[in-house]
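Given next are the chains, with one letter for each unit.
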Amino acid sequence: MDLSHPSDAAFTPSVKSVQERKGSRPAYGRMEQRGGWQSRIAPDLAQFIAAQTSVFLATVNADGQPYIQHRGGPPGFLHVLAENTIAFADFAGNRQYITQGNLADNPKVHLFLIDYAHRQRVKIWGEARVVEGYSALVAKLMPQGYRARPEQVIVLTVTAWDANCPQHIPQRFEAADVASALAERDRRIEALEAEIKRLGATAHSDATL
């Protein structure tokens with residue numbers, strides 16, 4: 001894809017026309033001149049990607065009909081293979097194969113990552129392909145101990161990415177994180193109750209002397 005700026009992956013002439021009409025084009029033009037969006041996966045983005053347990057992958061078929069598919073797994077199921085390459089083992093599902101069919105017609109994709117706990121989101125534009133029959137790559141990408149059947153691999157080449165502000169993102173927490181926090185709270189309460197009981201016993205003992 002030949003782009004003057006990475007953000008041109010999203011800012012088409014039609015988009016820029018709307019920005020111009022609604023007054024935001026000058027600000028985005030200055031952003032582009034300063035370097036704007038990036039196409040290289042920086043270390044902080046790689047760390048964010050590796051922490052995700054849930055992502056959305058958007059594709060488009062030959063008729064222009066969009067489709068969004070959810071993909072999830074344990075932290076680390078998304079792998080950064082190079083500074084512009086993301087890959088993951090594609091687990092067997094309902095066997096509709098809409099994403100794979102769409103990619104056969106149009107390789108352009110969008111990966112949407114959102115961390116509700118920290119109210120962060122990252123949008124990634126790129127192109128993707130499905131890799132079948134490459135067992136070594138599947139083994140490399142498959143999360144250890146995860147009970148799912150890998151069917152193939154999806155490899156995404158990044159064209160551009162942008163990190164949004166936290167505005168309007170509801171704050172939600174993973175069930176495992178909440179359970180861990182509650183367990184720690186209960187341990188702390190138990191320790192404090194034991195300390196109170198000990199101090200009470202000590203005070204009673206001193207009063208009888």
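Nothing here was measured: the structure is a model prediction, and the numbers come from that model.

**Observations concerning the overall build of the chain**
Scanning the chain from terminus to terminus reveals six helices and seven strands. Taken from N to C terminus, the helices and strands of the chain fall in the order α-α-α-β-β-β-β-α-β-β-α-β-α. Expected size for 209 residues packed as a compact globule is a radius of gyration near 17 Å; at 24 Å, the chain overshoots this value by more than 25%. Overall, the chain is about 90 × 50 × 30 Å in size when its C-alpha atoms are taken along their principal axes. Out of the 209 residues in the chain, the part that is buried amounts to 30%. If you take every contact in the chain between residues at least 6 apart in sequence, the share linking residues at least 24 apart comes to 69%. Counting only carbon and sulfur atoms, one obtains 52% of the accessible surface of the chain, whose full area is about 13200 Å².

**Some points on the environment of P107**
Residue placement: P107 occurs in the loop between α4 (98-105) and β5 (108-115). In the structure, P107 is positioned 21 residues away from A128 in sequence and 5.3 Å away in space, judged by C-alpha atoms.

**A short note on the side chain of R25**
Looking at the element boundaries, R25 is found in helix α2 (residues 25-33). Assessed through its relative accessible area of 12%, R25 is described here as buried. When near neighbours in sequence (up to four residues on either side) are disregarded, R25 contacts F11, K16, Q19, E20 and E32.

**Some words on the pairing of strand β1 (residues 54-60)**
On a regular strand, one side chain projects to one face of the sheet and the next to the other, so that they alternate. Side chains V55, L57 and T59 of β1 all project onto a buried face; the interleaved residues S54, F56, A58 and V60 project onto a face where none is buried. In sequence, β1 turns back onto strand β2 (residues 66-72) through a hairpin of five residues, with G64 there showing a positive phi of about 90°.

**Overview of the side chain of N102**
Positionally, N102 belongs in helix α4. Apart from the residues within four sequence positions on either side, N102 is in contact with T59, V60, N61 and Y67.

**So, α2**
For α2, every residue scored as buried is listed here: R25, G29, M31 and E32. Relative to the axis of α2, the buried residues are bounded by an arc of 155° and lie together on one face. Where α2 is buried, its residues meet α1 (13-22). Residue G35 follows α2 closely and has a positive phi angle near 120°.

Criteria and cut-off values
Residues numbered from 1 in each chain as written. Predicted model: local features only at pLDDT ≥ 70, side-chain atom pairs only at ≥ 80, totals over all residues. Heavy atoms only, no water. Helix = DSSP H or I, 4+ residues; strand = E, 2+ residues; numbered from the N terminus. Rg over C-alpha atoms; globule rule 2.2 N^0.38 Å. Buried < 20%, exposed > 50% of the residue type's maximum accessible area, 1.4 Å probe, protein only. Contact = heavy atoms within 4.5 Å. Areas by Shrake-Rupley, 256 points an atom, 1.4 Å probe, with all protein chains shown as cover. Pairing = 2+ DSSP bridges. Arc of directions from axis to C-beta.

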